Amino acid sequence: MSTRTAVITGASSGIGAATARRLAAAGYRVVLTARREDRIQALAAELTEAGHEAVAYGLDVTDRAAVTAFAAHLDDYESVDVLVNNAGGALGTDPVATADPADWRAMYEVNVLGVLNLTQALLPRLVASEDGTVLIVSSTAGLGTYEGGGGYVAAKHGAHVIAETLRLELCGEPVRVVEIAPGMVKTDEFAVTRFRGDEEKAAAVYAGVAEPLTAEDVADTITWAVTRPPHVNIDLLVVRPRAQAANHKVHREV
């Protein structure tokens, strides 16, 4: 297992960082990518000190040329076995009528084109491993909509469709395509980024919710899916906190 390599995008914080720790503990060599190189370097050092194999590579998944260069860098490894497409995010909660197209474009580029860029770049290596896994971290926003979420919902629907289409196109190849769709997850940055640094608005998202999911909950789910026997494909797994029945139905304690 120590020779198996997992590439994780958006590994500088939240679900990505938690997944890197889980997969490293499961015996994978983890390649950490994110725009914030200082953070992934620190995480790689942490994992290495703990006895795991980890390397960091600064990468913007929306930069096609940079992704191509990154894929060439991986030629140094005997195999690339797992790709966790985790990089993503939301910007704003404006209604469709007044939303900023720049926000929609930015969300589409990271949540959809970022997934496309990494998947296309690494797919030959994943097929060549004869036991590859492409995992896409989408969202329950990719399965249903809600007011004020149009841009993010559209982007995550795109990520969901990539997973569905790729699974059809790779049928018969030694590659699994897994989609993990989390519901309400409380991390340090997701809501703060969405509300452009307004921590009060970000905190209100989780107000009264006894136990929203954590990054570690989702990372545990990702690692479970990746470590199933090779013939077992987790096509789509929706994971929500018990307090959330749907995107628009959340129990909040008074």
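Look up a bit, the structure's there.
Model, not experiment: these values are computed from the prediction.

## Details of the overall build of the protein
From N to C terminus, the protein includes eight helices and nine strands. On C-alpha atoms alone, the protein measures out to a radius of gyration of 18 Å, which is about the 18 Å that the 2.2 N^0.38 rule sets for 254 residues. Oriented by its inertia axes, the alpha-carbon framework of the protein measures out at about 50 × 40 × 35 Å. A buried classification covers 49% of the 254 residues belonging to the protein. Sequence-distant contacts in the protein: of pairs separated by 6 or more residues, those separated by 24 or more amount to 72%. On the protein, roughly 12,000 Å² of surface is accessible, and the fraction owed to carbon and sulfur atoms is 52%.

## Notes on the environment of Leu122
Looking at where Leu122 falls in the secondary structure, it is placed in helix H4 (residues 101–128). Judged by relative accessible area, Leu122 falls into the buried class, the value being 1%. Measuring from C-alpha to C-alpha, the distance between Leu122 and Ala163 comes to 15 Å, with 41 residues separating the pair along the chain. For Leu122, the contacting residues outside a window of four places in its chain are Val7, Phe70, Ala71, Leu74 and Leu83.

## What about the side chain of Ser129?
Assignment of secondary structure puts Ser129 in the loop between H4 and strand S5 (132–137). There is a polar contact of 2.7 Å between the side chain of Ser129 and the backbone oxygen of Leu126. Side-chain polar atoms of Ser129 contact the backbone nitrogen of Gly132, separated by 3.2 Å. Once residues within four sequence positions are removed from consideration, Ser129 is found in contact with Val80 and Asp81.

## Topic: the pairing of strand S4 (residues 82–85)
Of the two faces of S4, the one holding Val82 and Val84 and the one holding Leu83 and Asn85 are both buried throughout. Strand direction decides the pairing type here: strand S1 (residues 5–8) and S4, joined by three bridges, are parallel. Across the sheet, the residue bridging to Val7 is Leu83, located in S4. In terms of strand pairing, S4 meets S5 through four bridges, oriented parallel. When the bridges of S5 are listed, Val82 appears paired with Thr133. In terms of handedness, the path from S4 via H4 over to S5 forms a crossover that is right-handed.

## A look at helix H5 (residues 150–169)
The terminal C-alpha atoms of H5, which comprises 20 residues, lie 28 Å apart, in line with the 28 Å expected from a rise of 1.5 Å per residue. The complete set of buried residues in H5 reads Gly150, Gly151, Tyr152, Val153, Ala155, Lys156, Gly158, Ala159, His160, Ile162, Ala163 and Leu166. Against the buried residues of H5 lie H4, S5, strand S6 (175–182), helix H6 (190–194) and strand S7 (236–239).

## Description of a nonpolar patch on the surface
On the surface, Tyr108, Leu113 and Leu116 cluster together to form a nonpolar patch covering roughly 240 Å² of accessible area. If you trace the backbone, Leu113 turns up in helix H4.

## Focus on H4
For an α-helix, the turn length of 3.6 residues means that residues three or four places apart are oriented alike. A rise of 1.5 Å per residue sets the reference length of H4, with its 28 residues, at 40 Å; its end C-alpha atoms lie 39 Å apart and thus fit the reference within 8%. Its side-chain oxygen 2.9 Å from the backbone nitrogen of Ala102, Asp100 forms the N-cap of H4. Once H4 ends, the next one or two residues include Glu130, with phi positive near 65°.

## Some points on unusual backbone geometry
Among all residues except glycine, the phi angle is most often negative; among peptide bonds, the trans geometry is most common. Although it is not a glycine, Glu130 adopts a positive phi angle of roughly 65°. Its location among the elements puts Glu130 in the loop between H4 and S5. One non-glycine residue, Arg196, adopts positive backbone phi at about 55°. Within the fold, Arg196 resides in the loop between H6 and helix H7 (199–205).

## Overview of the pattern of salt bridges
In the structure shown here, the tally under the stated rule is 11 salt bridges. Put simply, Asp81 and Arg4 hold a salt bridge, and the shortest N to O gap is 3.4 Å. Placement of Asp81 in the loop between helix H3 (64–73) and S4 and of Arg4 in the segment before S1 is noted, with a sequence separation of 77 residues between them. Side by side, Asp81 and Arg4 carry an identical accessibility label, which is buried. Glu53 is the partner of Arg29 in a salt bridge, and the nearest nitrogen-oxygen pair spans 3.4 Å. Here Arg29 is found in strand S2 (residues 29–34), whereas its partner Glu53 is found in the loop between helix H2 (37–49) and strand S3 (54–58), with 24 residues between them in sequence. A cluster of three or more residues bridged by salt bridges with shared partners is formed by Arg4, Asp81 and Asp131.

About the criteria used
Residues numbered from 1 in each chain as written. Predicted model: local features only at pLDDT ≥ 70, side-chain atom pairs only at ≥ 80, totals over all residues. Heavy atoms only, no water. Helix = DSSP H or I, 4+ residues; strand = E, 2+ residues; numbered from the N terminus. Rg over C-alpha atoms; globule rule 2.2 N^0.38 Å. Buried < 20%, exposed > 50% of the residue type's maximum accessible area, 1.4 Å probe, protein only. Contact = heavy atoms within 4.5 Å. Areas by Shrake-Rupley, 256 points an atom, 1.4 Å probe, with all protein chains shown as cover. Polar contact = N/O pair within 3.5 Å; in protein donor to acceptor, adjacent residues only side chain to side chain. Pairing = 2+ DSSP bridges. Right-handed = clockwise from strand over helix to strand, strands pointing away. Expected span 1.5 Å × (residues − 1). Patch = residues over 30% accessible without salt bridge, like charges linked within 9 Å, V, L, I, M, F, W, Y side chains within 5 Å. Salt bridge = Lys/Arg side-chain N within 4 Å of Asp/Glu carboxyl O.

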